[in-house]
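Okay, here's what each chain looks like letter by letter:
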Amino acid sequence: MVPYKDMDDDAVFRALADASRRQMLDRLHARNGQTLGELCQGLAMTRQAVAKHVAILEEANLVSSERQGREKLHFINPVPINAIAQRWISKFERQHLNALADLKETLEGKGRN
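Read on for a plain summary of the structure. In this text the structure is predicted, and so the values were computed from the model without any measurement.

**Side note on the pattern of salt bridges**
Opposite charge on two side chains allows them to pair when their charged atoms are near.
Then step 1. Summed over the entire model, instances satisfying the criterion amount to three salt bridges.
Then step 2. Close ionic contact of Arg87 with Asp9 constitutes a salt bridge, the shortest N to O distance being 2.6 Å. Note that Arg87 is positioned in helix H5 (residues 79-88) and Asp9 in helix H1 (residues 9-16), a separation of 78 residues in sequence.
Then step 3. A salt bridge links Lys104 to Glu108; its shortest N-O distance comes to 2.9 Å. Of this pair, Lys104 and Glu108 both sit in helix H6 (residues 94-111), separated by four residues, roughly a single helical turn.

The structure is reproduced here in structure tokens:
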């Protein structure tokens, strides 16, 4: 696992580039500490494919695991995402970005009616 001070932004971006891995992170955010079998539920892929995706998330330090008896539980690590947000997103004025995001949501919401 990569120490926090030496985080690899490229590995984080590569890990986040895949929609399935982002979905796994969303699921761990909703309920942390899931087994591989639990992460497989509802995904249209094999257990082996899910394990490979989890390994990529672990290499990027976005997920950590811990053995509890016979089970291996997976936990989200938000530190790399926060570091990227601080490094890249905070360069822009947050107030302006929030205003644009609000405008986008408003326009998209009106377009659906």
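**Concerning the side chain of Asp9**
Then step 1. Classification of Asp9 as buried rests on a relative accessible area of 17%.
Then step 2. Of the polar contacts made by the side chain of Asp9, one reaches the side chain of Arg87; its length is 2.6 Å.
Then step 3. Filtering out sequence-adjacent residues up to four positions away, Asp9 remains in contact with Ile84, Arg87 and Trp88.

**Side note on the nonpolar core**
Then step 1. Ranked by size, the top nonpolar core spans 17 residues in total, and within it Met24, Val50, Val54, Leu57, Ala60 and Leu62 carry the most contacts.
Then step 2. Elements that contribute at least two residues to this core include exactly H1, helix H2 (19-30), helix H3 (36-40) and helix H4 (47-59).
Then step 3. In contact with Leu57, other than residues within four places in its own chain, are Ala15, Arg21, Met24, Leu25, Leu62 and Val63.

Reading the values: the criteria
Residues numbered from 1 in each chain as written. Predicted model: local features only at pLDDT ≥ 70, side-chain atom pairs only at ≥ 80, totals over all residues. Heavy atoms only, no water. Salt bridge = Lys/Arg side-chain N within 4 Å of Asp/Glu carboxyl O. Helix = DSSP H or I, 4+ residues; strand = E, 2+ residues; numbered from the N terminus. Buried < 20%, exposed > 50% of the residue type's maximum accessible area, 1.4 Å probe, protein only. Polar contact = N/O pair within 3.5 Å; in protein donor to acceptor, adjacent residues only side chain to side chain. Contact = heavy atoms within 4.5 Å. Core = buried A, V, L, I, M, F, W, Y, C linked by side-chain atoms within 4.5 Å.

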